[in-house]
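One-letter residues, chain by chain:
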Amino acid sequence: MKTLARMLALSLAAGGMVLAGTMAEAKPRLTPQEQLDKRLAGRVPGKPVDCITMPMISSSQVYDKTAIVYDAGSTLYVQRPKVGAESLRDDDILVTRLTGSQLCSIDTVQLRDRTSGFYRGFVGLDKFVPYTRPPKVAQAN
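Residues numbered from 1 in each chain as written. Predicted model: local features only at pLDDT ≥ 70, side-chain atom pairs only at ≥ 80, totals over all residues. Heavy atoms only, no water.

### Remarks on the state of the cysteines
Next up, step 1: As enumerated under the stated definition, the model contains 1 disulfide in all.
Next up, step 2: The residue that forms a disulfide with Cys51 is Cys104, at a sulfur-sulfur distance of 2.0 Å. Residues Cys51 and Cys104 are joined through a disulfide that is right-handed, its torsion about the S-S bond being 110°. In this pair, Cys51 is assigned in strand 2 (residues 51-53) and Cys104 in strand 7 (residues 102-104), connecting sequence segments 53 residues apart.
Next up, step 3: What makes Cys51 partly exposed here is its relative accessible area of 27%. (Disulfide = S-S within 2.5 Å. Helix = DSSP H or I, 4+ residues; strand = E, 2+ residues; numbered from the N terminus. Buried < 20%, exposed > 50% of the residue type's maximum accessible area, 1.4 Å probe, protein only.)

Here's what the structure looks like:
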C-alpha cells in the first residue's frame, strides 16, 4: 500500500511540475484592440470611404467588441460600427443584405450565433477606413 501511495504522490508531483512549466511559458492573450493593431502593423490609414465593393472582398474578420476588418487584398477596410460594436464576437456569423454590390455606412449587419444560428443582434455601420502598405521608397545609389 505504501508503494502505491508513493507512486501516486510522485505522479502527482511530476504532473504538477509539467503543468507549472506550461503555465510559466504561456503567452498573455492579446486584447482585441492589440490583435487588430498587430493585423494593421506596417499599414497606414487612408481617407475614410462611405462604401466598399463586396465582390472585391475576399474575407472578413471580427475583433471582439472592437471592429470588423474586410480584406480586399492589398487594402484592409476597418469598420468600427457606430451602433452595436459592444455586441461583436469573433465567432459571430455576419449576415449582410445588399441591395447592390456595395456595403455602405448606412447599412446594418446582422449577427448570428455560430453554434445555434440564432439572431444575436446587429451593428450599424460607419465609414470604412482603408489601410494600405506605404509605397516603397527607392534608394539612391
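Still more to cover.
### Topic: the sheet that holds strand 3 (residues 59-63)
Next up, step 1: Judged by pairing direction, the sheet is antiparallel, and its 5 strands sit side by side in the order 1-10-5-4-3 without closing on themselves. With partners counted over all chains shown, the strands left at the sheet margins are strand 1 (44-45) and strand 3, one partner each.
Next up, step 2: Taken together, the 5 bridges between strand 3 and strand 4 (residues 67-71) define a ladder with antiparallel strand orientation. Across the sheet, the residue bridging to Ser60 is Tyr70, located in strand 4.
Next up, step 3: Helix 2 (residues 32-40) contacts strand 3, strand 4, strand 5 (75-79) and strand 10 (128-132) of the sheet and is inclined by roughly 145° relative to strand 3. (Pairing = 2+ DSSP bridges. Contact = heavy atoms within 4.5 Å. Axes fitted to C-alpha atoms, helices over the stretch in contact; angles between N-to-C directions.)

### What about the environment of Asp92?
Next up, step 1: Secondary-structure assignment places Asp92 in the loop between strand 5 and strand 6 (93-96).
Next up, step 2: It is 9.9 Å that separates the C-alpha atoms of Asp92 and Tyr63, two residues lying 29 residues apart in sequence.
Next up, step 3: Here Arg89 takes part through its backbone nitrogen, which lies 2.9 Å from a polar atom of the side chain of Asp92. (Polar contact = N/O pair within 3.5 Å; in protein donor to acceptor, adjacent residues only side chain to side chain.)

### Points about the pattern of salt bridges
Next up, step 1: All told, the structure shown has 6 salt bridges when counted by the stated rule.
Next up, step 2: Where Lys127 meets Asp50, a salt bridge forms, and the shortest distance between an N and an O atom there is 3.2 Å. Taken together, the residues Lys127 in the loop between strand 9 (119-124) and strand 10 and Asp50 in the loop between strand 1 and strand 2 connect sequence positions 77 residues apart.
Next up, step 3: For Asp50, a relative accessible area of 39% puts it in the partly exposed group.
Next up, step 4: In this structure, Arg89 and Asp92 form a salt bridge, with 3.6 Å as the shortest nitrogen-oxygen distance.
Next up, step 5: Here the residues in one salt-bridge network are Arg89, Asp91, Asp92, Asp113 and Arg120, joined through shared partners. (Salt bridge = Lys/Arg side-chain N within 4 Å of Asp/Glu carboxyl O.)

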